[in-house]
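# Secondary and tertiary structure notes
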Amino acid sequence: MSVLPLVFTSGWASGINAYAVVLLFGLLGAAGLTDEVPAALQRPDVLIVAGVLFVAEAVADKVPYVDSAWDAVHTVVRPVAGGVVAALLAGHDGSLPELAAGAVGGSTALLSHLVKAGTRIAVNTSPEPASNIVLSLAEDLGVAGLIALAVFHPVAAAVIAGTLLAAGIAVVVFLWSRIRRFLQRRRQRRTEKRLATAGGAAPPVA
């Protein structure tokens, strides 16, 4: 069977939490539960680094505004991680060229990352922090569940991942006006702060 469904699902999951993907694949492979995981992801040093960064993301991801800053930093990290994991999976399997797998994994990770970042910006417009925590937990559980499913039932996992990606894009499009207003207000505050620092008069907030 082609490794493409597994590559697609790993790409989607990497866009949500790349460190969780590396950690889960590595642990499943190291435990001997699957032969689909390449040895590079099972190395102890890789698992330790992925585990530490996963904990850091688990904390940052649940704090309003800190989560958006974390997402901004990972705009490059997640797609690159998705492409690398996909290429490793393809190279291990041999049924899909590594370059093509990397392109699929990286582009899918970028799309799911943009959906996550956009959704978080919309959530951060609400005054209470509970929604951030609930959404973060749902994302963590979704990534864990789909990666585990993808190892044993890759096609079913890819269908679910594709459905979630399409639904996420639809949600971001629906919330775009809210996201745009939030970004405009943030840019205005930064402009006012720079003017105040320079001793100029800041324009009134609309």
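Residues numbered from 1 in each chain as written. Predicted model: local features only at pLDDT ≥ 70, side-chain atom pairs only at ≥ 80, totals over all residues. Heavy atoms only, no water.

Contact pair helix α4 (residues 98–123) / helix α5 (residues 130–152): the axes reach a minimum separation of 10 Å and the direction vectors enclose 160 degrees. Put simply, α4 runs roughly antiparallel to α5. Where α4 crosses over α5, the handedness of that crossing is right-handed. Along its contact with α4, which presents K116, T119, R120 and V123, the element α5 presents S131, N132, L135, S136 and E139. By residue class, the composition of the contact of α4 with α5 is 2 nonpolar, 4 polar and 3 charged. (Axes fitted to C-alpha atoms, helices over the stretch in contact; angles between N-to-C directions. Helix = DSSP H or I, 4+ residues; strand = E, 2+ residues; numbered from the N terminus. Parallel < 35°, antiparallel > 145°, perpendicular 65-115°, else oblique. Left-handed = near helix turned anticlockwise from the far one by under 90°. Contact = heavy atoms within 4.5 Å. Nonpolar A, V, L, I, M, F, W, Y, C, P; charged D, E, K, R; others polar.)

The computed volume of the largest pocket comes to approximately 350 Å³. For the largest pocket, the lining is made up of 15 residues, of which W12, I16, V115, E139 and L164 are closest to its centre. Those elements that place two or more of their residues in the lining of the largest pocket are α1 (4–30), α4, α5 and α6 (154–174). Sorting elements by how many residues they give to the lining of the largest pocket places α6 first, with 5 residues. When its residues are assigned to classes, the lining of the largest pocket shows 9 nonpolar, 4 polar and 2 charged. (1 Å grid on protein atoms, 1.4 Å probe; cavity = no way out; pocket = protein on both sides within 12 Å on 5 of 7 lines; lining within 4 Å. Points joined across faces, edges and corners; volume = space filled by probe spheres on them.)

Okay, the pattern of salt bridges next. Using the criterion set out here, one finds 10 salt bridges in the structure. Linking K116 and D61 is a salt bridge whose minimum nitrogen-to-oxygen distance equals 3.3 Å. Taken together, the positions of K116 in helix α4 and D61 in the loop between α2 (44–60) and α3 (66–93) put the pair 55 residues apart, joining distant regions of the chain. In this structure, K116 and D61 share a single accessibility class: buried. Residue classification places D61 among the buried residues on the basis of a relative accessible area of 1%. (Salt bridge = Lys/Arg side-chain N within 4 Å of Asp/Glu carboxyl O. Buried < 20%, exposed > 50% of the residue type's maximum accessible area, 1.4 Å probe, protein only.)

Quick look at the nonpolar core now. The tendency in soluble globular proteins is for nonpolar side chains to be buried side by side. By size, the foremost hydrophobic cluster in this structure holds 36 residues, and its most contacted members are W12, F25 and V143. Going through the elements one at a time, α1, α2, α3, α4, α5 and α6 are the ones with two or more residues in this core. With sequence-adjacent residues up to four places away left out, F25 is seen in contact with L6, S10, V37, L41, V85, L89, I147 and V151. (Core = buried A, V, L, I, M, F, W, Y, C linked by side-chain atoms within 4.5 Å.)

Further remarks concern a positive patch on the surface. There is a patch of like positive charges on the surface, built from R178, R180, R181, R185 and R189. The residue R181 is located in helix α7 (residues 176–198) in this model. By relative accessible area, which is 44% here, R181 ends up partly exposed. (Patch = residues over 30% accessible without salt bridge, like charges linked within 9 Å, V, L, I, M, F, W, Y side chains within 5 Å. Areas by Shrake-Rupley, 256 points an atom, 1.4 Å probe, with all protein chains shown as cover. Lys, Arg positive; Asp, Glu negative; His and termini not counted. Charge placed at Lys NZ, Arg CZ, Asp CG, Glu CD.)

Moving on: α5. Because an α-helix completes one turn every 3.6 residues, residues spaced three or four positions apart along the sequence face the same direction. The end-to-end C-alpha distance of α5 is 34 Å, a good match for the 33 Å that 23 residues give at a rise of 1.5 Å each. Within the sequence span of α5, burial applies to N132, S136, E139, D140, V143, L146, I147, A150 and V151. (Expected span 1.5 Å × (residues − 1).)

Moving on, we come to unusual backbone geometry. Glycine aside, residues mostly have negative phi, and peptide bonds are mostly found in the trans state. For Y65, which is not glycine, the phi dihedral falls at a positive 75 degrees. Taking the relative accessible area as the measure of exposure, Y65 reaches 46% and is therefore partly exposed.

Turning our attention to the side chain of H74. Tracing the backbone shows H74 in helix α3. A polar contact is formed between the side chain of H74 and the side chain of Y19, at a distance of 2.8 Å. The contacts of H74, once residues within four sequence positions are left out, are Y19, E57, P79 and H113. (Polar contact = N/O pair within 3.5 Å; in protein donor to acceptor, adjacent residues only side chain to side chain.)

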